[in-house]
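As a plain string of letters, each chain reads:
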Amino acid sequence: EPEVTQTPSHQVTQMGQEVILRCVPISNHLYFYWYRQILGQKVEFLVSFYNNEISEKSEIFDDQFSVERPDGSNFTLKIRSTKLEDSAMYFCASRGIRTGDQPQHFGDGTRLSIL
Amino acid sequence: SQKIEQNSEALNIQEGKTATLTCNYTNYSPAYLQWYRQDPGRGPVFLLLIRENEKEKRKERLKVTFDTTLKQSLFHITASQPADSATYLCALYNYGGSQGNLIFGKGTKLSVKP
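Remember, it's a predicted structure, so these values are computed and weren't measured experimentally.

Student: So what exactly am I meant to see when it comes to the pattern of salt bridges here?
Tutor: Should their charged atoms come close, side chains of opposite charge can pair. Residue and element names in this part refer to chain B. Tallied over the full model, the rule gives 8 salt bridges over all chains. A salt bridge links D39 to R37; the nearest nitrogen and oxygen atoms lie 3.1 Å apart. For R37, a relative accessible area of 19% translates into the label buried. Residue E56 pairs with K63 through a salt bridge whose shortest N-O separation is 4.0 Å. A residue is classified by how much of its surface remains accessible, and E56, at 39% relative accessible area, is partly exposed. One network of salt bridges, in which partners are shared, links R51, E54 and K57.

Structure representation (structure tokens):
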């Protein structure tokens, strides 16, 4: 069964550094998402992406964050100047057809540790 | 804004029993409500979706109910097995946006003892 893949599985970065998290969504999917989960807390929405532009973003997704689909397969999340509170699991998800009742398929995440 | 509460943080049951997990939401009734399973260090995995006009949905040993009057969904696992031990997440679409991002509950950690 096709799956969403994320790299790296674990990223350790010094505070203030830039980090790029990468995702390869399921190939025929059209809608892409980033979520994060701080340890012990719930999964929180960051941003959705469709037709090469951001559809919606949460309050968490401030100017330090950006997303890009640089080619037909990759979907990236960039954090420009990381802070300690950015430490979390970051999950990419994708969804296929147009109707809203289709589930989202998640990758296994990137654990981001900011030192 | 929409909030989701999963009443139990943890549920411990004996193998073979039925596990029942609860999800309550505030505000508007969503068109769809979903349940996901999350294992430690892994991403959520979709299990079941139930629509607002459906009272009940089944898939193998799993059953989901949806009561829009009570603003509640129940998730049942019958004949539970140790392999069912995981965190179960309730989620619904936030249709404030156009692309239906999910709002998750905090989850209920289920432990099935042999």
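Student: How should I be thinking about the interface of chain A and chain B in this particular structure?
Tutor: Taken together, the contact pairs 24 residues of chain A with 25 residues of chain B. Of the roughly 1,900 Å² buried where chain A meets chain B, counting both sides, 50% is carbon and sulfur surface. Joining chain A to chain B, the criterion identifies 1 salt bridge. Here D108(A) makes a salt bridge to R42(B), at a shortest N to O gap of 2.8 Å.

Student: How should the packing of aromatic side chains be read in this particular structure?
Tutor: In total, this model carries 16 aromatic pairs over all chains according to the counting rule given. When the centroid spacing of 4.6 Å and the interplanar angle of 15° are considered together, the rings of Y31(A) and Y50(A) count as stacked. Of the two residues, Y31(A) is situated in strand β4 (residues 31-37) and Y50(A) in strand β5 (residues 44-50); the sequence distance between them amounts to 19 residues. Overall, Y31(A) belongs to the buried group, its relative accessible area being 2%. Look at Y50(A) and you get partly exposed, because its relative accessible area is 24%. Between F49(A) and F75(A), the ring centres sit 5.3 Å apart and the planes meet at 40°, which makes this aromatic pair tilted. Highlighted residues: F49(A) in strand β5 and F75(A) in strand β8 (residues 75-79), separated in sequence by 26 residues. In this structure F49(A) comes out as buried when scored by relative accessible area, which is 6%. Overall, the relative accessible area of 0% leaves F75(A) in the buried class. Put simply, the rings of Y33(A), Y35(A), F45(A), F106(A), Y36(B), F46(B) and F104(B) pair up and form one aromatic cluster.

Basis of the calculations
- Residues numbered from 1 in each chain as written.
- Chains lettered and ligands numbered in written order.
- Predicted model: local features only at pLDDT ≥ 70, side-chain atom pairs only at ≥ 80, totals over all residues.
- Heavy atoms only, no water.
- Salt bridge = Lys/Arg side-chain N within 4 Å of Asp/Glu carboxyl O.
- Buried < 20%, exposed > 50% of the residue type's maximum accessible area, 1.4 Å probe, protein only.
- Contact = heavy atoms within 4.5 Å.
- Buried area = accessible area lost by both parts, 1.4 Å probe.
- Phe/Tyr/Trp six-rings, centres within 6.5 Å; stacked < 30°, edge-to-face > 60°.
- Helix = DSSP H or I, 4+ residues; strand = E, 2+ residues; numbered from the N terminus.

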